[in-house]
Amino acid sequence: MNRFLYCGVMRAKAYQKGLSFFNSFNLSRSVHSIPFATVDVEEISGSQPAEVHNLVQGKWKTSSNWNTLLDPLNGEPFIKVAEVDETGIQPFVESLSKCPKHGLHNPFKAPERYLLFGDISVKAAHMLSIPKVSDFFTRLIQRVAPKSYKQALGEVYVTQKFFENFSGDQVRFLARSFAVPGDHLGQQSHGFRWPYGPVAIITPFNFPLEIPVLQLMGALYMGNKPILKVDSKVSIVMEQMMRLLHYCGLPAEDVDFINSDGKTMNKILLEGNPRMTLFTGSSRVADKLAVDLKGRIKLEDAGFDWKVLGPDVQEEDYVAWVCDQDAYACSGQKCSAQSILFMHENWSRTSLISKIKNLAERRKLEDLTVGPVLTFTTEAMLEHLNKLLQIPGSKLLFGGEPIKNHSIPSIYGAIKPTAVYVPLEEIMKENTYELVTREIFGPFQIITDYKKEKLPMVLDALERMHAHLTAAVVSNDPLFLQATFSLSLSLSLGGGGLGHDGISFTSIKLCSPMMEVIGKTVNGTTYAGLRARTTGAPQNHWFGPAGDPRGAGIGTPEAIKLVWSCHREIIYDIGPMPRNWEIPPST
Ligand SMILES: N[C@@H](CCC=O)C(=O)O
């Protein structure tokens, strides 16, 4: 068949297929429940536990080893996860080993797969835009990582927008190359984005959909073959998402999905030898993996995220509301959650703290605006609080009590949103710094204040932190408002006027708190300005730590290219040879 005619026919077929995809769902959804789903989110319970399976080499598999999860709201054993143990890793190791280093596609191999993933993204975005499907994922997230409906829906929305961003030709644009003219005719160097081939993705419990989907798709777009492991506590969400992706055209062999404990996963990584592993989670595990995997790793680790309020007091209610959201939404279990607030003395004179307190006290278990803490028990958090209260000058601002009247199982934590004041000078003491900056992944924050001349001490506190994920500098004072502007002029009058030569600027110091804080810190995602926040990162800007060569990003084209591809340069040198070329003397 004529090549152009053939292409036209293929495109028309793809279009028809696309249409029938959309029609079939729209039709089926009126008569059936969600077509890809294997669980009914509202029915999962102790009497009807849901099952989570593994996917390897294109096949869904169970296991003889079932990990039973307790419903975080009432303690009923409500989900059974088929966990792979060390005796069952072989198929996963084999699957990784089957993928060559040059990946499943690259600019010179199967380029039509870039288009395939653009197409899958269109369909997945469409699916998530259907209210019944977005509600399904929102509720599923809420069942395993209890957070308010709005917060859970936010994850689904970010994921949908991400898919929209990488629809059509946008996946192939991620692999855009460049060329530079060479030294002679026929020579040109071309830079390409190259996959790593077999890769691994390990993601935490707190964003059961957003983090794994954005990283998984980034890995796939660039031509890699991932094995995905999500924290078993929440992996049901991603298990159902894998089924949605298959429904949207993802080849079943392209991703392996595993449930296991950390030790088993470690073994798979050592034996299957993925060329790159993306780990999102605690710094402790991250550092161990970095050693085990000989540095072939990228990290989005935890952060003791900070917010500095500058001298310009404005919009108190708004700033208080953002502080409440940043510290306590999702019960403080976001890697971006505000862990410490530094208030300029001008803010200490306002009613900011009491406003934050009032907002925090509106939160309630019934609507999950506060809820179970999945990695700290109540006792552990209260013990930490008591240690902080031993520090001279420290005091409990609000919270500090267990939530009452609930049936959250005791393996999880349940405390009211809490804030503790610790004086800045005390924070800086050798013995207290570690204690105060210990990240409590729960509704818990430290609040302190600083006098104008103590900004360097605040900067020192920020410098001493070891993880640098999100930060906020709340001030609209970018250039002049608080500037220390010392200008001394020595003027010499000549010829009745001021001459250029007659002015000498002996010292010009322009210093604004906002610029100074930004200039002297490193957090990878820093918000600046009156509306600055630490949480709520959408899909449209980089989210990830800085100051660490292992730092990964999520979501944007830059993040995907940086994390999921490496640079390869092909230097074409095809001639022609110069006329009358002769072998030159040795050099
Ligand atoms: N959107 C989330 C980030 C998800 C992370 O990787 C937040 O803002 O905390």
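Fair warning: this is a prediction, and the values are worked out from it, not measured in the lab.

1. Here we look at the site of the ligand
Lining the immediate environment of the ligand, one finds Phe207, Glu210, Ile211, Glu300, Lys334, Ser336, Thr535, Gly536, Ala537, Phe543 and Ile554. Residue Glu210 places a side-chain N or O atom 2.8 Å away from a nitrogen atom belonging to the ligand. Within the contact set of the ligand, an oxygen atom lies 2.5 Å away from a side-chain nitrogen or oxygen of Ser336. Notes on the ligand: free accessible area 280 Å², of which the protein chains cover 97%. Assessed atom by atom at 2 Å from the grid points, the ligand resides in the second largest pocket. Residue classes in the shell around the ligand are distributed as five nonpolar, three polar and three charged. Both of domain 1 (35-302 + 561-567) and domain 2 (305-544) provide at least three residues apiece to the shell around the ligand.

2. Looking at empty space enclosed by the protein
Counting across every chain of the model gives four cavities of 30 Å³ or more. Its volume calculated, the largest cavity comes out at about 60 Å³. For the largest cavity, the full set of lining residues is Ala145, Pro146, Lys147, Phe205, Asn206, Cys330, Gln333, Pro372 and Leu374.

3. Quick notes on the state of the cysteines
Throughout this description, disulfide means a covalent bond between two cysteine sulfur atoms. Taken as a whole, this structure holds zero disulfides when the rule is applied. The structure places no disulfide on Cys99, whose sulfur is separated from the nearest cysteine sulfur, that of Cys566, by 13 Å. Cys99 sits in the buried class, given a relative accessible area of 5%. Free of any disulfide, Cys323 has its nearest neighbouring cysteine sulfur in Cys330, separated by 16 Å. Under the relative-accessibility criterion, Cys323 is labelled buried at 0%.

4. Observations concerning the packing of helix 3 (residues 112-129) against helix 5 (residues 149-165)
Between helix 3 and helix 5, whose axes approach to 8 Å, the crossing angle comes to 150°. In this view, helix 3 runs roughly antiparallel relative to helix 5, as classed from their interaxial angle. Here the hand of the crossing between helix 3 and helix 5 comes out left-handed. Residue-level contacts link Ser121, Ala124, Ala125, Leu128 and Ser129 of helix 3 to Val156, Thr159, Gln160, Phe163 and Glu164 of helix 5. Of the residues belonging to the contact of helix 3 with helix 5, the class tally is five nonpolar, four polar and one charged.

5. Structural notes on the environment of Gly551
Secondary-structure assignment places Gly551 in the loop between strand 21 (525-528) and helix 19 (557-564). Once residues within four sequence positions are removed from consideration, Gly551 is found in contact with Lys298, Leu299, Pro545 and Leu562.

6. A short note on a nonpolar patch on the surface
Together, Phe108, Tyr572 and Ile574 line one region of the surface with nonpolar side chains, adding up to about 340 Å² of accessible area. The class for Tyr572 is partly exposed, based on a relative accessible area of 30%.

7. Let's talk about the sheet that holds strand 16 (residues 418-421)
With mixed pairing, the seven strands of this open sheet are ordered in space as 15-16-17-14-13-18-21. Each end of this open sheet is capped by a strand with a single partner; those strands are strand 15 (395-398) and strand 21. Here the strands of the sheet are splayed against their neighbours by 20° on average, with no regard to which way each runs. Strand contacts of helix 13 (residues 352-361): strand 13 (305-309), strand 14 (338-344), strand 15 and strand 17 (444-450), with the helix running at about 60° to strand 15, the strand carrying the most contacts.

8. Side note on the pairing of strand 9 (residues 225-230)
For strand 9, a buried count of six out of six residues is recorded, marking the element as mostly surrounded by other parts of the structure. Where strand 8 (residues 198-203) meets strand 9, six bridges bridge the pair, whose relative direction is parallel. Residue Ile202 lies in a different strand from strand 9, and its bridge partner there is Lys229. Taken together, strand 8, helix 7 (residues 210-221) and strand 9 constitute a β-α-β crossover, and its handedness is right-handed. With helix 8 (residues 235-247) bridging strand 9 and the parallel strand 10 (residues 256-258), this β-α-β connection has right-handed handedness.

9. Points about the domain arrangement of the chain
The parts lose accessible area when they come together, and the size of an interface is often stated as this lost area. Each assigned domain of the chain is listed with its residue range as follows: domain 1 (35-302 + 561-567) and domain 2 (305-544). Computed from C-alpha coordinates alone, the two centres of domain 1 and domain 2 are separated by 33 Å. If you look at the interface, domain 1 gives 27 residues, while domain 2 gives 29 residues. Summing the contributions of domain 1 and of domain 2, the shared interface buries around 2,200 Å²; its carbon and sulfur component is 66%. Sorting the residues of domain 1 by area buried against domain 2 places Gln151, Phe205 and Ala302 first, and these three jointly supply 22% of that buried surface.

Here is what the cut-offs are and how they apply
Residues numbered from 1 in each chain as written. Predicted model: local features only at pLDDT ≥ 70, side-chain atom pairs only at ≥ 80, totals over all residues. Heavy atoms only, no water. Near = heavy atom within 4 Å. Polar contact = N/O pair within 3.5 Å; in protein donor to acceptor, adjacent residues only side chain to side chain. Areas by Shrake-Rupley, 256 points an atom, 1.4 Å probe, with all protein chains shown as cover. 1 Å grid on protein atoms, 1.4 Å probe; cavity = no way out; pocket = protein on both sides within 12 Å on 5 of 7 lines; lining within 4 Å. Sits in = over half its atoms within 2 Å of the grid points. Nonpolar A, V, L, I, M, F, W, Y, C, P; charged D, E, K, R; others polar. Domains from an automatic or database assignment. Points joined across faces, edges and corners; volume = space filled by probe spheres on them. Disulfide = S-S within 2.5 Å. Buried < 20%, exposed > 50% of the residue type's maximum accessible area, 1.4 Å probe, protein only. Axes fitted to C-alpha atoms, helices over the stretch in contact; angles between N-to-C directions. Helix = DSSP H or I, 4+ residues; strand = E, 2+ residues; numbered from the N terminus. Parallel < 35°, antiparallel > 145°, perpendicular 65-115°, else oblique. Left-handed = near helix turned anticlockwise from the far one by under 90°. Contact = heavy atoms within 4.5 Å. Patch = residues over 30% accessible without salt bridge, like charges linked within 9 Å, V, L, I, M, F, W, Y side chains within 5 Å. Salt bridge = Lys/Arg side-chain N within 4 Å of Asp/Glu carboxyl O. Pairing = 2+ DSSP bridges. Right-handed = clockwise from strand over helix to strand, strands pointing away. Buried area = accessible area lost by both parts, 1.4 Å probe.

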